[in-house]
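# Structural description and commentary
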Amino acid sequence: MNMHSQAASFEPASEIDPRVGKRTLPKVSLRQGLMAGGVLVVAIVSAVLWMTGGRYVSTDNAYIRAPKLMVATDISGVVSHVDVREGQAVRKGDVLFGIDPTPFRITVDNSKAQLAQTALNLESMKQDYKRMLSDIAAQQAQVQLAKATYDRAATLIKSGTTTAVNYDQARFALNAAENQHQSLEEQAKVLLSKLGGNPEARVTEHPTYLQTKAQVDEALRQLDHTVIHAPFDGVVTQVDQLQPGTYMVAATAGLSNSGAVALVGTNSLWVDANFKETDLTYAKTGNPVEITVDTYPGLTWTGKIGSISPASGSEFSILPPQNSSGNWVKVVQRIPVRIVIDRKSDAPTLRAGMSVNTTIDTGHKRTVSELW
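Notes on the structure in this doc start here. From a predicted model like this one, the values you see are computed outputs, not experimental measurements.

This brings us to the side chain of His206. Checked against the element boundaries, His206 lands in the loop between helix H4 (164–194) and helix H5 (207–224). Only 2.4 Å separates the side chain of His206 from the backbone oxygen of Lys194, close enough to count as a polar contact. Non-local contacts of His206, meaning those with residues more than four positions away in its chain, are made with Leu122, Lys194, Leu195 and Gly196.

Written out as structure tokens, the structure is:
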């Protein structure tokens, strides 16, 4: 067999087209075309997925949060009435429960009486100071009289026209008058000091009056706190254990259900989502978020990133992990992200603690340059 015949044996078998009477090459089969097209489609889809792959980040480690508070008071007393029931919706300022106000009213009356007595005492001190100034002036006249008598006796004793007894009496009378005058001046200084150094100042400006007035204000504040109001709109819970007749201790009221009413806010809801640190490369405040709630499958809420925590969740734990040991293993940390929910009036009720899935649209698009 020659070379020409060998080469011809590798050529594809040709067929004779009966319509034209010419030999033609065989057509490409349908299977081969589909295979080639499939490879092309996979390549295109892969490229599109890669280009958009860094834009969306998701996590199911997320929960709905709401303001919540054990509403108590800072005074101790006997619970006199409970004005709400379990699951009741309340508005800010609504009465939740109350403490027996009787002992606190008595304290207020006693404080007001002390305040009035303080004002009378201060006014009396002012009058005493004025009287004492008059006494000092009168005593000064006595000192001058005693001094004149003494000088006369001293002159007469030298000339021998008076007795030593008269001289001594005059001298002792002068000393007594001067000592009395000095004593009155010292008493006036003490009284002036008690008046704050200004005998003409108003009684209501005196420190003693202000101190007693503060006691009245504190008594009124405690009386006002015998009625406990809702600090914000919400739904009350944990009510049944708070009953009239219970003695509530202020120091532990907020730590037990028997001394407080739990209130969960309804006007402000948000989502706390714990994303992997590697998912937040392009996330920033204001990015749109899609939220789905496990309780309501098929429904979707929208929101946006309100804030990204400046520290990972482990940084706030009571016992932070120590990574200085030799058997350290790197663990991807979780960063808390707060998501503000766009509320809708016709949407189902969202409750604190519900599990949700969140997807952040970072808006980031990959480029070909990221391949290298």
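Among the nonpolar cores identified, the biggest contains 24 residues, and Ile64, Val271, Ile291, Val293 and Leu350 are the most heavily contacted of them. Those elements that provide at least two residues to this core are strand E3 (56–65), strand E12 (270–276), strand E13 (288–293), strand E14 (300–308), strand E15 (334–341) and strand E16 (355–361). The dominant element in this core, judged by the number of residues it contributes, is E15, at 4 residues. Membership of the second largest hydrophobic core comes to 18 residues, among which are Val90, Ala230, Val236 and Val261.

Our next topic: the pattern of salt bridges. Scanning all chains against the criterion turns up 12 salt bridges. The residue Asp272 makes a salt bridge to Arg65 at a minimum N-O spacing of 3.9 Å. Taken together, the residues Asp272 in strand E12 and Arg65 in strand E3 connect sequence positions 207 residues apart. Accessibility expressed as a relative area gives 31% for Arg65, which makes it partly exposed. One salt bridge in this structure joins Arg338 and Asp272, with 3.6 Å as the shortest N-O distance. Taken together, the residues Arg338 in strand E15 and Asp272 in strand E12 connect sequence positions 66 residues apart. Overlapping salt bridges bring together Arg65, Asp272 and Arg338 as one network.

How each quantity is defined
- Residues numbered from 1 in each chain as written.
- Predicted model: local features only at pLDDT ≥ 70, side-chain atom pairs only at ≥ 80, totals over all residues.
- Heavy atoms only, no water.
- Helix = DSSP H or I, 4+ residues; strand = E, 2+ residues; numbered from the N terminus.
- Polar contact = N/O pair within 3.5 Å; in protein donor to acceptor, adjacent residues only side chain to side chain.
- Contact = heavy atoms within 4.5 Å.
- Core = buried A, V, L, I, M, F, W, Y, C linked by side-chain atoms within 4.5 Å.
- Buried < 20%, exposed > 50% of the residue type's maximum accessible area, 1.4 Å probe, protein only.
- Salt bridge = Lys/Arg side-chain N within 4 Å of Asp/Glu carboxyl O.

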